[in-house]
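Analysis of the macromolecular model
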Amino acid sequence: MKILILCTGNSCRSQMAHGFLQSFDKGIEVYSAGTEPAKEVNPMAVEVMAEAGVDISNHTPHDVREYINQAWDYVITVCDEANETCPVFIGKVERRLHFGFRDPSKAEGTPEFIKDQFLRTRFEIKNKFAEFYITQILKKEMPKCACSGAWE
């Protein structure tokens, strides 16, 4: 199973999704890339992921062109389609999916507010990719929960 997660800068959302999905199953090949890759992974993304027990400190942004000639089981875009242009992947793909998340690196305000935006995005990404993993990879039904549906 090979999965490519795409966004614009490959510094935040795609890196968090990459980290979570890889943490769910080490047997899946997970990659992430961007159409305009940043110089480094956003330090706040690294911090909030570490707080969730997932280490992405060794991740680096990659250009989507590195992966065009490879075959993929899934290519998943994670950009916020309302505020940015999602990358289009033209390589060999079995299934294309889109999970939209607002970019916390665009948040402005106090350091506490900005961190809250990263935590919110981390929570949303973890929940969506856990659902994806359970229903699409494991081919199981989502467990019923009397709680709010949160995975944290």
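First, a word on what this report is: a plain description of the structure on this page. (Residues numbered from 1 in each chain as written. Predicted model: local features only at pLDDT ≥ 70, side-chain atom pairs only at ≥ 80, totals over all residues. Heavy atoms only, no water.)

**Re the overall build of the protein chain**
Our working definition: Where helices and strands are cited, they refer to DSSP runs of H or I of at least four residues and of E of at least two residues respectively, numbered from the N terminus. We call a residue buried when its accessible area falls under 20% of the maximum for its residue type, exposed when it is over 50%, and partly exposed in between, using a 1.4 Å probe and counting protein chains only. Should any heavy atoms of two residues lie within 4.5 Å, those residues are considered in contact. We get accessible surface area from the Shrake-Rupley algorithm with a probe of 1.4 Å; when it comes to residues, only the shown protein chains can shield them.
Check the secondary structure of the protein chain and you find three helices and four strands. Walking the protein chain from its N terminus toward its C terminus, one meets helices and strands in the order β-α-β-α-β-β-α. Per-residue burial for the protein chain yields a buried fraction of 45% across its 152 residues. Taking the contacts inside the protein chain whose residues are at least 6 apart along the sequence as the reference set, 64% of them involve residues at least 24 apart. Entry remark: accessible area of the protein chain is about 8200 Å², with carbon and sulfur atoms responsible for 51%.

**A short note on unusual backbone geometry**
Most of the time, phi is negative for any residue but glycine, and the peptide bond is trans. Its identity as a non-glycine residue notwithstanding, Asn 10 has a phi of 55°, on the positive side. Mapped onto the secondary structure, Asn 10 falls in the loop between strand 1 (2-7) and helix 1 (13-24). Asn 10 sits in the buried class, given a relative accessible area of 0%. One non-glycine residue, Lys 139, lies in positive phi territory at about 60°.

**Quick look at the pairing of strand 1**
Under the convention used in this document: Should DSSP find at least two bridges between two strands, the strands are taken to pair.
With six of six residues buried, strand 1 lies mostly within the body of the structure. Residue alternation in strand 1 divides its side chains into two sets, Lys 2, Leu 4 and Leu 6 and Ile 3, Ile 5 and Cys 7, and both sets are buried. As judged from the six bridges shared by strand 1 and strand 2 (residues 29-34), these two strands associate in the parallel manner. The partner of Cys 7 across the bridge, within strand 2, is Gly 34.

**Focus: the nonpolar core**
So the rule is basically this: Throughout this description, the term nonpolar core refers to a set of buried Ala, Val, Leu, Ile, Met, Phe, Trp, Tyr and Cys residues connected via side-chain atoms within 4.5 Å.
Core analysis: the biggest nonpolar cluster contains 27 residues, and Ile 3, Ile 5, Leu 21, Ile 76, Phe 129 and Phe 132 have the highest contact counts within it. Those elements giving two or more residues to this core turn out to be strand 1, helix 1, helix 2 (43-51), strand 3 (71-77) and helix 3 (111-137). The element that contributes the greatest number of residues to this core is helix 3, accounting for six residues. Non-local contacts of Phe 129, meaning those with residues more than four positions away in its chain, are made with Ile 5, Ala 17, Leu 21, Phe 24, Ile 76, Val 78, Phe 99 and Phe 101. Judged by nonpolar contacts, the second largest core, of nine residues, contains Leu 6, Ala 33, Val 75 and Val 93.

**A short note on helix 1**
The criterion, for reference: Helix span is expected to be 1.5 Å times the residue number reduced by one.
Between its terminal C-alpha atoms helix 1 stretches 17 Å, which fits the 16 Å expected from twelve residues at 1.5 Å a residue. The buried fraction of helix 1 amounts to ten of the twelve residues, a majority that puts the element mostly inside the structure. Among the residues of helix 1, Arg 13, Ser 14, Gln 15, Met 16, Ala 17, His 18, Gly 19, Phe 20, Leu 21 and Gln 22 are the ones counted as buried.

**A closer look at the packing of aromatic side chains**
As a reminder, the rule being used: Note on aromatic contacts: the rings of Phe and Tyr and the six-membered ring of Trp form a pair at centre separations within 6.5 Å, being stacked when their planes are under 30 degrees apart, edge-to-face when over 60 apart, and tilted otherwise. By the criterion adopted, a ring carries a charge over it if an Arg CZ or a Lys NZ lies within 6 Å of its centre and within 35 degrees of its normal.
Taken as a whole, this structure holds nine aromatic pairs when the rule is applied. Both rings, one in Tyr 67 and one in Trp 72, keep their centres 5.7 Å apart while their planes meet at 80°; by these two values the pair is edge-to-face. With respect to class, Tyr 67 is no different from Trp 72; both count as buried. An angle of 90° between the planes, with centres 4.9 Å apart, marks the rings of Tyr 74 and Phe 132 as edge-to-face. With a gap of 58 residues between them, Tyr 74 in strand 3 and Phe 132 in helix 3 connect regions that are remote in the sequence. The buried category is assigned to Phe 132, whose relative accessible area is 3%. Ring pairs connect the aromatic residues Tyr 74, Phe 99, Phe 129 and Phe 132, which therefore count as one cluster. Lying over the aromatic face of Tyr 74, Arg 95 brings its terminal NZ or CZ to 4.7 Å of the ring centre.

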